[in-house]
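The chain contents come next:
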Amino acid sequence: MSDSNSKDVILIGAGVLSTTFGSFLKDLAPDWNIKLFERLEKPAIESSNERNNAGTGHAALCELNYTVEQKDGSIDIEKAKEINEQFEISKQFWSYLVKTNQIQNPQEFIRPLPHISFVQGERNINFLKRRFEALSPLSMFKGIEYTEDHEKLKEWIPLMMDGRNPEEKVAASKIDEGTDVNFGELTRKMAKNLNEHDNAEIFYKHEVQDFNRRKDGKWEVKVKDLNTKKVETYITDYVFIGAGGHAIPLLQKTGIPESKHLGGFPISGAFLVCNNPKVVAEHEAKVYGKEPPGTPPMTVPHLDRRYIQDENTLLFGPFAAIGPKFLKNGSNLDLFKSLNTSNVGTMLASAFKNFPLVKYSIQEVLAKKEDRMKELRRFVPNAKDEDWDIHIAGKRVQVIKDTKEHGRGYIQFGTEVVNSKDHSVIALLGESPGASTSVSVALEVLEKNFPEYIKEWDGKIKEMIPSYGQSLIEDYALLKEIRQATGNELDLINK
């Protein structure tokens, strides 16, 4: 372009994080040139795909791992408040895209659905009750209900109470204002919107192979067209790596110092999917339990009513397993190729520190369908084998790094933003709740890596995110106003 202020940006991976960041950038800097490279034939085939994850719409309304019990018995709710605010920020951005006619038919990617926490046994009931008492005074968790009464629970979760011992100690909390989000559909909509922008272009079946830093500070990015086998080099000012599990190997190829002492622990997911429409129709909620001791957050058991490609679906899981692939469509050499002299010590330290997690994952690999059905029956006592099929879901790669606080080989849960010192390379690593908080992650990327533009972009960002710069945690009036506006725009009210 002739505009000397224009910049070139290369996005890698057509998942929810890259398409969200690209959607921001095209409106904030419409004269910048954006190229997105995806090695598969369509957007949202890997982790963002709706069939590769069960629990979506993370707003900390029912996920118990965001409210941690402290040694003194108190419940730390800070993470829940943060996640809830971030999800409200995401809804504002999606509302903006709908309002400006950049994406249509929000009911295709977001729907109202009650969120329920469910626990068994005295100890867990005591925890849930204290969690309820900690959350209920907060405006963002307004309307939360709690019960240990079997009759009330039959109204909330009839499928889960049918056939249950009336003497069993169980409890649940419920918030009606939850949602179910189809991030695959949302990603496809954002990818289409991005590709229609005059200065943006998406290349499918194109694999980024290598990087070279030029003396002028720009990057040469080597890309292979998987159809023609032709390799081309593109020059760019910024490289954004939003390639899911493949982000760590790509970051390593840049050679930036920030890529050292970083590794990844790949975890596969499997779910039981209900094939009986009558059973599916009996459960109208997203229900989360407690994760098994010594296991990562992604192992939290949940029974989710989902709406996928015009079908009501019911999923239970996840069942974790380990394997060397970093992507579902990856290679069995991914893990081994990611090892180098800078991170092998980090990885070995992590394996030693997290042996119970490795052991648990191996046990899950060896588990048969009958073992998984046994787990399901803790949630659905009358579950029949013939009504449920095993579905292999997507890959998650937990970031492993060295930290001052935790020492060598610390497993980082959640989404991690890594950038070069000069902000020309930005990589998003990690996993859940990445998709639900993707808009906040994109904002963090903008604030951290584009400081010279952020003041200029401030007005536009506030148009996209009306609460930008303000706290939805502290300001109830603003929260109420925002929820009403996004609820109307996203067709979530009076359904």
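Everything discussed here concerns the structure shown above.
Summarised in this report is the structure supplied together with it. (Residues numbered from 1 in each chain as written. Predicted model: local features only at pLDDT ≥ 70, side-chain atom pairs only at ≥ 80, totals over all residues. Heavy atoms only, no water.)

## What about helix H14 (residues 451-464)?
- Between its first and last C-alpha, H14 extends 18 Å over 14 residues, near the 20 Å set by a 1.5 Å rise per residue.
- Residues of H14 that are buried: Tyr453, Ile454, Trp457, Ile461 and Met464. (Helix = DSSP H or I, 4+ residues; strand = E, 2+ residues; numbered from the N terminus. Expected span 1.5 Å × (residues − 1). Buried < 20%, exposed > 50% of the residue type's maximum accessible area, 1.4 Å probe, protein only.)

## Looking at the pairing of strand S2 (residues 33-38)
- Where burial is concerned, most of S2 is hidden: five out of the six residues are buried.
- Of the strand pairs in this sheet, strand S1 (residues 8-12) and S2 are connected by five bridges, and their pairing is parallel. When the sheet's bridge partners are listed, valine 9 is paired in S2 with isoleucine 34.
- Once the chain exits S1 it traverses helix H1 (residues 16-28) before rejoining the sheet at S2, and the crossover so formed is right-handed. (Pairing = 2+ DSSP bridges. Right-handed = clockwise from strand over helix to strand, strands pointing away.)

## A look at the nonpolar core
- Formed by 76 residues in total, the largest nonpolar core has its most connected members in Phe24, Phe93, Trp94, Leu446, Phe450, Trp457 and Ile465.
- Ranked by the residues each element gives to this core, the list is headed by helix H2 (residues 78-99), at nine residues.
- Leaving out residues up to four positions away in the same chain, phenylalanine 24 has contacts with Phe93, Val439, Ala442, Leu443, Leu446, Met464 and Ile465.
- Counting residues in each nonpolar core, the second largest holds 27 residues, with Met161, Ala270, Met373 and Ala383 among its members. (Core = buried A, V, L, I, M, F, W, Y, C linked by side-chain atoms within 4.5 Å. Contact = heavy atoms within 4.5 Å.)

## Some details on the packing of H2 against helix H6 (residues 183-195)
- At a minimum axis separation of 12 Å, H2 and H6 run at an interaxial angle of 50°. Viewed along their axes, H2 and H6 adopt a mutual orientation that is oblique. Note that H2 runs across H6; the crossing there is left-handed. Seen from H2, the contacting residues are Phe93, Trp94 and Leu97; seen from H6, they are Phe183, Leu186, Met190 and Asn193.
- Its residues assigned to classes, the contact of H2 with H6 shows six nonpolar, one polar and no charged. (Axes fitted to C-alpha atoms, helices over the stretch in contact; angles between N-to-C directions. Parallel < 35°, antiparallel > 145°, perpendicular 65-115°, else oblique. Left-handed = near helix turned anticlockwise from the far one by under 90°. Nonpolar A, V, L, I, M, F, W, Y, C, P; charged D, E, K, R; others polar.)

## Concerning the sheet that holds strand S12 (residues 219-225)
- Within the open sheet, the three strands sit side by side as S11-S12-S13. Their pairing is antiparallel. Of all strands in the sheet, those bounded by a partner on one side alone are strand S11 (206-213) and strand S13 (231-236). Sheet twist, expressed as the average angle between the axes of neighbouring strands with direction ignored, equals 25°.
- Examined bridge by bridge, S12 and S13 share six bridges and lie antiparallel to one another. The residue bridging lysine 224 from the neighbouring strand is valine 231, located in S13.
- Sheet strands touched by helix H7 (residues 247-254): S11 and S12. Its angle to S11, the strand with the most contacts, is close to 30°.

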